[in-house]
Every structure is written in structure tokens, then in C-alpha cells.
Amino acid sequence: MTPVLTVRDLDVPFGDAPGLVGVSLEVGEGGRLALVGPSGSGKTSLLRALAGSGAVAGGTVRVAGADVTHLPPERRGTVLLSQRPLLFPHLTVFENVAFPLRVRGVRGGEVRRRVEEALASVRMAEMAGRASASLSGGQAHRVALARAVVGRPRLLLLDEPLSSLDPSLREEVRRAILAVQAAYGPAMILVTHDLEEAGRSAHRVAVLLEGSLAQVDTPEGVFRRPASPAVARFLGLPNELPGESGPDGLTLAGWPLGVGPGPCTRGGPRTAPQAGEPPHGPVVVLFGTDGMRIAPEGAAGLPGRVRELMHHPRGVTARVEVLPASGGTGETGAAPPLTCEVSVPPDRHPVPGEPVTLQADPARLHVFAE
Amino acid sequence: MSLPAAVPGTHAAAPSGDRPTGRRRFPGPAPATLLFWALAVWTLLPLAVLAVVAWSGGWRFPTLLGASPGTPPWSQLAGGWGPLAGALGMSLALAVGTGVLAGAGGLPLGRALAGLGGRWRAVGAGAAFLPVAAPPLALGVGLQFTFLRLGLGGSTLGVLLAHLVPALGYTTLYFLGVFAVFDEEIEEEARRLGARPHQVLVRVTLPLLRRPLAEAAILGFLVSWAQVPLTLLVGQARVRTLTVEVLAWTQAGQDPLAAAGALCLALPPLALMAAAALAVRRGEVVIP
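Worth saying up front: this structure is predicted, and the values here are computed from it rather than measured.

**Student:** Account for the overall build of chain B, with residues named and values stated.
**Tutor:** Looking only at helices and strands, chain B features 12 helices and zero strands. Starting at the N terminus and walking to the C terminus, you meet the elements of chain B as α-α-α-α-α-α-α-α-α-α-α-α. Counting the 288 residues in chain B, one finds 34% classified as buried. Contacts in chain B between residues at least 24 apart in sequence constitute 67% of all its contacts with a sequence separation of at least 6.

**Student:** Break down the overall build of chain A for me, with residues and values.
**Tutor:** Within chain A, the secondary structure is distributed over eight helices and 20 strands. The dimensions of chain A, computed from C-alpha atoms along their principal axes, are 80 × 40 × 35 Å. Summarising the internal contacts of chain A: among those between residues at least 6 apart in sequence, 69% fall at separations of at least 24.

**Student:** Please set out the interface of chain B and chain A residue by residue, giving values where relevant.
**Tutor:** Taken together, the 15 residues of chain B in the interface contact 17 residues of chain A. Of all the secondary structure elements, the ones that give two or more residues to the side of chain B that touches chain A are helix H7 (185–192) and helix H8 (197–208) of chain B. Among the elements that make up the side of chain B that touches chain A, the one with the highest residue count is H7(B) (six residues). Residue composition of the side of chain B that touches chain A, grouped by class: six nonpolar, two polar and seven charged.

**Student:** Just give me the short version of helix H4 (residues 118–133) of chain B, but keep the residues and values in it.
**Tutor:** Along its 16 residues, H4(B) runs 21 Å from first to last C-alpha, staying within 8% of the 22 Å computed at 1.5 Å per residue. The set of residues buried in H4(B) consists of B:Gly124, B:Ala128 and B:Pro131.

**Student:** Give me the lowdown on the pairing of strand E19 (residues 355–360) of chain A, citing residues and values where you can.
**Tutor:** All names here are of chain A. Of the two faces of E19, only one is covered, namely that formed by Val356, Leu358 and Ala360; the face formed by Pro355, Thr357 and Gln359 stays uncovered. Note that strand E15 (residues 292–294) and E19 share three bridges and pair antiparallel. Residue pairing in the sheet places Arg293 in a bridge with Gln359 of E19. Across four bridges, the pairing between strand E16 (residues 302–312) and E19 is antiparallel. Across the sheet, the residue bridging to Gly304 is Val356, located in E19.

**Student:** Give me the lowdown on the nonpolar core, citing residues and values where you can.
**Tutor:** Residues and elements named next belong to chain A. Among the nonpolar cores identified, the biggest contains 107 residues, and Leu35, Val97, Leu145, Ala146, Leu157 and Val207 are the most heavily contacted of them. If you tally residues by element for this core, the top one is helix H4 (residues 137–150), at eight residues. Other than its neighbours up to four places away in sequence, Val97 contacts Val115, Ala118, Leu119, Val143, Ala146, Arg147 and Val150.

**Student:** Tell me what's going on with the sheet that holds strand E5 (residues 66–67) of chain A, and back it up with residues and numbers.
**Tutor:** Residue and element names in this part refer to chain A. Across the sheet, which stays open at both edges, the four strands sit in the order E2-E1-E4-E5 with antiparallel pairing between neighbours. A single partner strand is all that each edge strand has here, and the edge strands are strand E2 (17–27) and E5. Relative to strand E4 (residues 58–63), strand E1 (residues 5–14) runs antiparallel, the two being bridged by five bridges. Across the sheet, the residue bridging to Leu5 is Val63, located in E4. On top of the sheet, helix H1 (residues 43–51) reaches E1, E2 and E4; it is set at about 120 degrees to E1, its chief contact.

**Student:** Report on the sheet that holds strand E14 (residues 281–287) of chain A, specifying residues and quantitative values.
**Tutor:** Residues and elements named next belong to chain A. Taken in spatial order, the five strands of this open sheet run E13-E12-E11-E14-E20, and their pairing is antiparallel. Since the sheet does not close on itself, it has two edges, and those belong to strand E13 (255–256) and strand E20 (365–369), each with one partner. In this sheet, E13 lies alongside strand E12 (residues 249–252) in antiparallel orientation, the contact comprising two bridges. For Thr251, the partnering residue across the bridge sits in E13 and is Pro256.

**Student:** Account for the confidence of the model for chain B, with residues named and values stated.
**Tutor:** Residues and elements named next belong to chain B. The predicted model of chain B averages 80 in pLDDT, with 78% of residues at 70 or higher. The least confident element of chain B, judged by mean pLDDT, is helix H2 (residues 73–79) at 53; the most confident is H8 at 94. Note on residues 1–22: pLDDT under 50 across the span, and 28 contacts to partners over four residues away in sequence or across chains. Across the interfaces of the predicted complex, the ipTM metric reaches 0.77, alongside a pTM of 0.75.

**Student:** Go over helix H5 (residues 136–149) of chain B with me, naming the residues and quoting the values.
**Tutor:** Count 3.6 residues to each turn of an α-helix, and residues three or four apart come out pointing the same way. The end-to-end C-alpha distance of H5(B), which contains 14 residues, comes to 20 Å, matching closely the 20 Å that a straight helix rising 1.5 Å per residue would cover. Just beyond H5(B), the residue with positive phi is B:Gly151, at close to 80 degrees.

**Student:** Please provide a residue-by-residue account of unusual backbone geometry, values included.
**Tutor:** Residue and element names in this part refer to chain A. The backbone of Ala64 shows a phi angle near 50 degrees, a positive value even though the residue is not glycine. Relative to the elements of secondary structure, Ala64 occurs in the loop between E4 and E5. Residue Ala64 is classed as partly exposed on the basis of its 15 C-beta neighbours within 10 Å. A positive phi angle is found at Leu86, which is not glycine, with a value near 50 degrees. Using a count of 22 C-beta atoms within 10 Å as the deciding quantity, one classes Leu86 as buried.

**Student:** So what about the packing of helix H3 (residues 83–114) of chain B against helix H6 (residues 156–181) of chain B? Which residues, and what values?
**Tutor:** All names here are of chain B. Their axes nearest at 6 Å, the elements H3 and H6 cross at an angle of 40 degrees. Accordingly, the angle class assigned to the pair H3 and H6 is oblique. Every pair of crossing elements has a handedness; the one defined by H3 and H6 is right-handed. Taken together, the residues that form the contact of H3 with H6 break down as 18 nonpolar, nine polar and one charged.

**Student:** Can you explain the packing of H4(A) against helix H5 (residues 167–184) of chain A? Please cite residues and give values.
**Tutor:** All names here are of chain A. The N-to-C vectors of H4 and H5 enclose an angle of 15 degrees; their axes lie 10 Å apart at closest approach. Of the possible angle classes, the one that applies to H4 and H5 is roughly parallel. Here H4 runs over H5; the crossing is right-handed. Where H4 approaches H5, its residues Gly137, Gly138, His141, Arg142, Leu145 and Val149 are matched on the opposing element by Leu169, Glu172, Val173, Ala176, Ile177, Val180 and Tyr184. Considering only residue class, the contact of H4 with H5 consists of eight nonpolar, three polar and two charged.

**Student:** Before we move on, could you go through the environment of B:Ala260 and cite the residues and values that matter?
**Tutor:** With respect to the helices and strands, the residue B:Ala260 is situated in helix H12 (residues 255–282). Note: C-alpha distance between B:Ala260 and B:Tyr170 (90 residues apart in sequence) is 29 Å.

**Student:** Run through the pairing of strand E6 (residues 78–81) of chain A, naming residues and quoting values.
**Tutor:** Each regular strand shows side chains that alternate between the opposite faces of the sheet. Residues and elements named next belong to chain A. Here E6 shows two buried faces, one formed by Thr78 and Leu80 and the other by Val79 and Leu81. Here E6 runs beside strand E7 (residues 155–159); their pairing, made up of four bridges, is parallel. Within E7, the residue paired with Leu80 across the bridge is Leu157.

**Student:** I'd like to hear about the confidence of the model for chain A, residue by residue, with values.
**Tutor:** Residues and elements named next belong to chain A. Looking at chain A as a whole, the pLDDT averages 85, with 91% of positions reaching at least 70. The low-confidence segment residues 261–275 (pLDDT under 50) makes 37 contacts with residues lying over four places distant or belonging to another chain. Predicted confidence is poor over residues 328–333, with pLDDT under 50, and the contacts of this stretch with residues over four places away or in other chains come to six contacts.

What counts as what
Here the residue numbers are simple positions, counted from 1 along each chain's written sequence. To label them, take the chains in the order written and letter them from A, then take the ligands in the order written and number them from 1. Restriction of local features to residues with pLDDT of at least 70 applies here, the model being predicted, together with a cutoff of 80 or more for giving and counting side-chain atom pairs; totals for whole chains, interfaces and linings are based on all residues. Secondary structure is summarised from DSSP: a helix means a run of H or I of at least four residues, a strand means a run of E of at least two, and numbering begins at the N terminus for each. Here a residue counts as buried when 20 or more other C-beta atoms fall within 10 Å of its C-beta, as exposed when 12 or fewer do, and as partly exposed in between; the C-beta atoms come from the backbone. Think of it this way: build a C-beta for each residue from its backbone, and any pair within 7 Å is a contact. Side-chain classes follow a simple rule in which Ala, Val, Leu, Ile, Met, Phe, Trp, Tyr, Cys and Pro form the nonpolar group, Asp, Glu, Lys and Arg form the charged group, and the remainder, Gly included, forms the polar group. Each residue after the first adds 1.5 Å to the expected span of a helix. At least two bridges found by DSSP between two strands is the condition for calling them paired. Joining buried Ala, Val, Leu, Ile, Met, Phe, Trp, Tyr and Cys residues through C-beta atoms within 7 Å gives a set, and that set is a nonpolar core. Only the contacting stretch of a helix is used when fitting its axis, a line to C-alpha atoms as for every element, and angles between N-to-C directions run 0 to 180 degrees. The predictor's confidence in any single residue is recorded as pLDDT, a number from 0 to 100. These descriptions rest on fixed angle ranges, namely under 35 degrees for roughly parallel, over 145 for roughly antiparallel, 65 to 115 for roughly perpendicular, and the rest for oblique. Crossings are sorted by hand: turned counterclockwise from the far helix by less than a right angle, the near helix makes the crossing left-handed, and turned clockwise it makes it right-handed.

Right, dumping it as C-alpha cells:
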């Protein structure tokens, strides 16, 4: 089956700067791709280039097999839904939603039927006669969504549609987006900086870093098997420690972790990392607060000392200084002490200064060759 | 005696007692109130005198409301195509034409200027400002030389084009301000929704700019309506607008006719001010 969107080696300039280079991706029929990346990484520029509203320096964009790289926005069969609803203030809700139909020459009862259907899909049918300027933020977003799909575009591009909404409206609009996609079936690219939103809304996640796509995978693949330290850092893993990988397993700060190489991921420029042998030699290990935990007393593991405790809505974490394998406190040496933030089990109540032992969860360590 | 503050824009003070007044009270005549009434008298008195003279045909001391020596000039206007009505018609035609053309021309010019970079934008704005800032007589003499060579001297078309020069300057600068804050993303949104460029113009841009367009047209109308030097120099006294006639009647000592003409000149601005005040009261215009 021909993908709805095929992007090959697309270069998108940022003004005079090189911008994005060599972006390639595909979205299939009914697929939902979340485009994530830090601020300024070019997510919106890429989306605008796909919509025909932004410059393209090279490469091709195909929609349903047709090359639309140099076509104006109105001839692409795509609709970009901006962060702001951008409703036409001089038109009613009905006329706003009817706009894409009217400019395509659809007339009479067909317009009414399709507009009512689109408004019903976002639960705004009763607001059809209202002035668009009188709508609340969430209502305006839902009307904009109905307007975006009423013309049955093949591809719907959503540029951070939820970011300007408060949390309660965010959920409402997110549901509306998924409902209209189910009803109208366009392929969808959703730009967001919210990883949770990406994980909940998309079938696949594309990570845009430093001018190119660093990883495209399922949400689970990206979150559990980041393809590079840069992706892992973008995911917000708070801990990054130097280590060594050898035939006997992994050592961290000179201490054997007691875990084999088996489930650890390894780095490399791949879009879908697979479980396997980590590289032998110096490595960098990234992990979240769930990558290590404070072990029961007497257990073997990485010795450390609690520096501070941090309380979160979902539990307690501790910043632990890892004691060097050569002995000492780690505070007198030339190198700064290694610390990491780890989760504290509910039954443990350590205090700052208390010696503890850390145990690694090998499935949650991300090991990359240095 | 305490007087309420009647100056528009005065904020209501919090009432000190149980009686909500909604007005700030002064222990005596407030300077602002006195100033307001002085300004009102200063502005309206000449118009009142014009009305008396125009209606009664003259004003001789010590008569308070003037005498009625002959046929009032208003009846000339009502009675047929007299000199006043002819001049009024010419002025209206020129002002409407100037307003429409200046509004329609100022929009693309102002937009083009707004889209330019810093230095070119400043140069363009300066060029638009030149006919506005230049003394009308200097502008008129320059235009007269040009229009005479083009064979437009003494023609209505020549006067219309001459009026357009300062009017376009005003409306271009006006639209430069409008497009400095106009959100072009809404036009881009229309294109992304399938509208071709001409559909964006007709269905989005022009309806959104309806009010600025009307205001620019009114601006052009007023520039033409009050124009004297350009009309005299380019029209060569063959194009008889109301301003030219009023000037001639005044010089000839035909005070009642001059007064009636002057009142006619004052009517459109007064009507527009009233309309603007009404729009503000209805909340159609928000004063920041």
C-alpha cells in the first residue's frame, strides 16, 4: 500500500542557517506519528514545509504518491492545524467549518450535511450559529479541528494543538483529535514537546535533534530503547555515568554492577535499537530514577551515600553520591563526585548522609559506546 | 456648589457614603469642567454664527438672531441646481472618488511597505509622508506644472488626481500601521484550508479589513473635501468645488451664501464624528 506521506532527504532551512538536513519519514493510512524534539529543533519548520507554508531547500515530499514538494498549500491535500485555532473572526462557527468546502465549490445541502457532521464529531453541533469570536479556547480548538477535517484531507498536520490549553481542556481536545481521526481517517503528524502526549496519542514517535531525525520508532521503542545518548538525554533521563563494558558485565564508577550485558541497549545510529550485546570498552550509561534503586540492607551493589531526598507526587527519590571504587569519600579527589538520582522504595526512609547500596535494573539502563 | 465632572474619560471615584454617585465631585467649579465648556464654546460658536447668517441672510447689530432681508440661501439649495448645489455636487463627487481610490490604493501600498525591511520601509514611509507633510501650496504648484503639461489642467480628472496625491499618502501610512499588526497567518491558514489566492483576498482579507478600508476611504474623502490650494491651482478656477465657491463668495461679500456653503463643508466631518461616537458607545470601537 502506498504511504500517505513519504518524505525523502528533505532539507529545511532556518532562514540563512542550514536547518534540518536529510529528513526521511513515512506515515501510512490512518497512522499517527508524533514529532518530538526540544524547542528550536525545527519541528514546526518541518511541519510548515510539509504543509507548503515553509521553505524547502532539497528533497521530496509525496502525498498519496504525488510529488507535492513545490505545490502551494491549497493543492497538497494536507491541512495544518496551528497552535492557535486561527478561526476567521468575521464568520460564524458554521461558516468557518464550511470554508474549506465553499472554496472547493461544494454547494447547498452537501455543505450543510458535511458541516453538521464535522461539528457533531467534535460535539459542537449546537454552536453552529455562534460568532467564532465568542467561543472559549477549547471550543475554538474543536471548531478548528472540525474545519480541518471537513474537507477530508489525506494528511492532517497538528502543530502543538494542546500546548496553549489548560490541563482539563487539553484532555478534551486530545479526545476530539482522536475521535475525528477515527471518523475521518486521515494520516496524522502531531508536533509536541510533551513526551507523555506523544506516547498517548501516536503509533510512532520521531525524535528531531540537532537538525535531523535521531530516531523513529514506536513510543515504547523510543522510551525504552533510545538510539543515542542525545535521544536518552532528550527523554529527560537524569543520570549519566561513565562505565566500562566487558565480557564479565558492566562496571559503573569502577564497581561491577552484577548485571550481564544481555538486556542493555547499545548506542549507534539506528532507528530501531535491538537488545543485544553492549559494546566492549568505555561506555556511558544513562538511566532514569527507576534505573537504580536503594537496595535492602545487606544486599550487594554500588555503595553510595545519600546527599538529599526529593519528594514528588509519585514518590520519593534520593540524590546519591556513588563512592569511588578506590576508596575515600569522593570529595577530596580532583574529579567531582559521581551522583545519581534514584527511586526510594516505599519501605525505606533514608536520611541525608546515610550510606546505602544501589541496585541496578538492567532493563532500564541505556548503555552507549563512548 | 459642587459640579459633576463632565469631561469624557474622567473615571468615577469610589463613593464615600451610601449614595453611589458614579461621578467624581468637586468642591467648586472643576478646572477640567470649565476647560471642557470653554472648548465646546470655542468650537461650536463659529458654527452657530454660520447657521444664523445662513438662515437669516444677514446679521446686523443689535439684532440677536439676524434679519431676514431676502431669500435665505438654503432655499437656493433646495430650490434647484444653484451655484451652491452645483459646488456641493462637484465636491461630493471628487471626495467620494478620492476616498474610494485612496482606500483601494492605500491598502496594497501600505501592505507592500509593511513587508519591506527596515531601511526600505523607512524610505517608503518617508515617500508616503512627503505629500502629507509638504505645504499644500508647494505641492499644488508642482502638480500644476506637471498636470498642465499632461493636458489635465482645469479638468475634473486633473483635480481628482491631484487630491489623490496627499490622500494616498495618508491612507498608505494608515495601512502601514494596519499591516504592522495584521496577522498574515490567518491568510496562510485560509490557503492551507484550500483557498486560492484570489479566494483568500475576497473571502478573508477584504472582509477582515472592512473597517480599516472604510476608515481609509473616509480619510481620503475628508482630505479631498477640505482641499483648496490643489483644487484652485490644478482646477484653474474651472473646477468649482464647495471650498472654492465658499472662498469666492467670502471674497465677494456674499456672506449668507458663504455661510451656507461653509456649513455644508462642516456637515460631513460632524456626521462622521457623531458616527464614531455612536460606534464607541455601542462598543464597536475599543479605545485602548
